[in-house]
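Residues per chain, in single letters:
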Amino acid sequence: MRILGLLFFVFFLGRDAMAFTGTFGINYGRIADNIPSPDKVVMLLKAAKIKNVRIYDADHSVLNAFKGTGLELVVGLNNGLLKEMNANPDHALNWVEDNVKAFLPDTHIVGIAVGNEVLGNDADLSQALLGAVKNVYNATKKLGIDRAVQISTAHSQAVFENSYPPSSCTFTDAVSPLMKPLLEFFSQIGSPFCLNAYPFLAYTYNKGKIDINYALFQPNKGIDDEKTDLHYDNLLDAQIDATYAALEDAGFKKMEVIITETGWASHGDESEAAATPSNARTYHFNLRKRLAKRKGTPLRPKHILKAYIFALFNEDLKQGAGSEKYYGLFKADGSISYDLGLPGLKSSSTSYSFLSFKELGAGKWYRWCFLLLTISGSTLILLLRL
């Protein structure tokens, strides 16, 4: 067994970094005091057949819970550490060694997200971002895991201007001097451009200007981009192609765009009328259908769209608008926020549990009968498909 483990480790470190399997993933945020423990989260993710997961730190309880699961995890180096990582390469080396290398290969860490939404939002930290990225990458190289662990950073749409129509999009004048050297480095190491894109926010803060059906992937007349002669029938594709246009304008036409956050809140403040369970279900249901087609955008039809949903759980300690607490596909107790055909955690007085149809042998039909009485119809359909 030790020899097999060593062979796997050699194989793991010898492959090129590929931080995404398939087209669909999820963000496992934990700004909450009432969500399930990491081991129960692993059960939930595996039952829902979600393999790609992003977290916003490198919490060891999560990393340990993911050991041996086969789930692919991107860990986060949070914004509060950027200045330290920029200033001291040894600190970056220690961080990577303690929080990434020490858990490989049992925990399948496939990426490190260095900071989140820094450029365009925090002028002070922006100066430290590139140096932190380089030091973290150099740490992975020194530790021999650079081909297994991809380095990235996610951007909000604050880095763009003139994003309508998509072909007119560019990086803002304030961001460009810092963005271009960052893109140059990511181009050298083969990292994608990571975008947090929210049609919900675009619709909410541009009332009367955007058709909600266009934001929800529902039938609508769409928009035409006269410069490229391309038609868009949904807002997310337009946001992605605006990103490709900005990258091309900056000289990085070949860089791939991955959606690292997208979602729709199920509740919100009075000013966020579109934050309803019905709209959230519609957005996520249609997004899953869109991703399942494994196709690109009108501008980049050969670049298969990949996206991480935000988020796994409603997070009761999130600050800001009321909607911030209600992006979860699941409620804090592990039950579904709305029906997407995903199984939720079913709680009892003592534990959470899943029963698989495959596990039911002769003489155990009473368990199946009990299951029929306690699970939702959508979950039953999923089980029967196993």
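Residues numbered from 1 in each chain as written. Predicted model: local features only at pLDDT ≥ 70, side-chain atom pairs only at ≥ 80, totals over all residues. Heavy atoms only, no water.

## With respect to the overall build of the chain
So, step 1. In terms of regular secondary structure, the chain is built from 13 helices and 14 strands.
So, step 2. Taking all 386 residues of the chain together, the buried fraction comes to 51%. (Helix = DSSP H or I, 4+ residues; strand = E, 2+ residues; numbered from the N terminus. Buried < 20%, exposed > 50% of the residue type's maximum accessible area, 1.4 Å probe, protein only.)

## Thoughts on the nonpolar core
So, step 1. Core analysis: the biggest nonpolar cluster contains 105 residues, and Phe66, Val75, Val100, Ile112, Phe171 and Phe193 have the highest contact counts within it.
So, step 2. A per-element tally of this core places helix 10 (residues 235-250) first, with 10 residues.
So, step 3. Membership of the second largest hydrophobic core comes to five residues, among which are Phe20, Val74, Val110 and Tyr308. (Core = buried A, V, L, I, M, F, W, Y, C linked by side-chain atoms within 4.5 Å.)

## What to know about the packing of aromatic side chains
So, step 1. All told, the structure shown has 15 aromatic pairs when counted by the stated rule.
So, step 2. A ring pair is formed by phenylalanine 20 and tyrosine 308, whose centres lie 4.7 Å apart and whose planes are at 70 degrees; its orientation type is edge-to-face. Of this pair, phenylalanine 20 sits in the loop between helix 1 (2-14) and strand 1 (24-27) while tyrosine 308 sits in strand 12 (residues 307-309), and the two are 288 residues apart along the sequence.
So, step 3. Between the aromatic rings of tyrosine 137 and phenylalanine 185, the centroid separation amounts to 5.6 Å while the plane-to-plane angle is 80 degrees, which identifies the pairing as edge-to-face. With tyrosine 137 in helix 6 (residues 123-142) and phenylalanine 185 in helix 7 (residues 176-189), the pair connects residues that are 48 residues apart, well separated along the chain.
So, step 4. Residue tyrosine 137 is classed as buried on the basis of its relative accessible area, which comes to 14%.
So, step 5. Among the aromatic side chains, those forming a connected cluster through ring pairs are Tyr56, Tyr198, Phe200, Phe217, Trp264, Tyr283, Phe310 and Tyr327.
So, step 6. Between the NZ or CZ atom of arginine 30 and the centre of the ring of tyrosine 28, over which it lies, the distance is 5.7 Å.
So, step 7. Seen from the ring of tyrosine 308, arginine 54 lies directly overhead, with NZ or CZ sitting 5.4 Å from the centre. (Phe/Tyr/Trp six-rings, centres within 6.5 Å; stacked < 30°, edge-to-face > 60°. Lys NZ or Arg CZ within 6 Å of the ring centre and 35° of its normal.)

## Focus on the sheet that holds strand 5 (residues 150-155)
Whenever strands of a sheet pair, they do so through backbone hydrogen bonds, lying parallel or antiparallel.
So, step 1. An order of 1-2-3-4-5-8-11-12 is seen for the eight strands of this closed barrel, with the pairing classed as parallel. Mean inter-strand twist for the sheet, computed between neighbouring axes without regard to direction, equals 25 degrees.
So, step 2. Pairing of strand 1 with strand 2 (residues 52-54), which is carried by three bridges, proceeds in the parallel orientation. Bridged to glycine 25 within strand 2 is asparagine 52.
So, step 3. Across the sheet, helix 6 is in contact with strand 3 (72-77), strand 4 (109-116) and strand 5; its angle to strand 4 comes to roughly 160 degrees.
So, step 4. Along the sheet face, helix 7 touches strand 5 and strand 8 (193-196) and points at about 150 degrees away from the line of strand 5. (Pairing = 2+ DSSP bridges. Axes fitted to C-alpha atoms, helices over the stretch in contact; angles between N-to-C directions. Contact = heavy atoms within 4.5 Å.)

## Quick look at the confidence of the model for the chain
So, step 1. Confidence along the chain averages 89 in pLDDT terms, with 84% of residues attaining 70 or more.
So, step 2. Below a pLDDT of 50 lies the segment residues 1-15, which in the model reaches 18 contacts outside its immediate sequence neighbourhood of four places, other chains included.
So, step 3. Predicted confidence for residues 348-386 stays below pLDDT 50, and this span has 44 contacts to residues more than four positions away or in other chains. (pLDDT = per-residue confidence, 0-100.)

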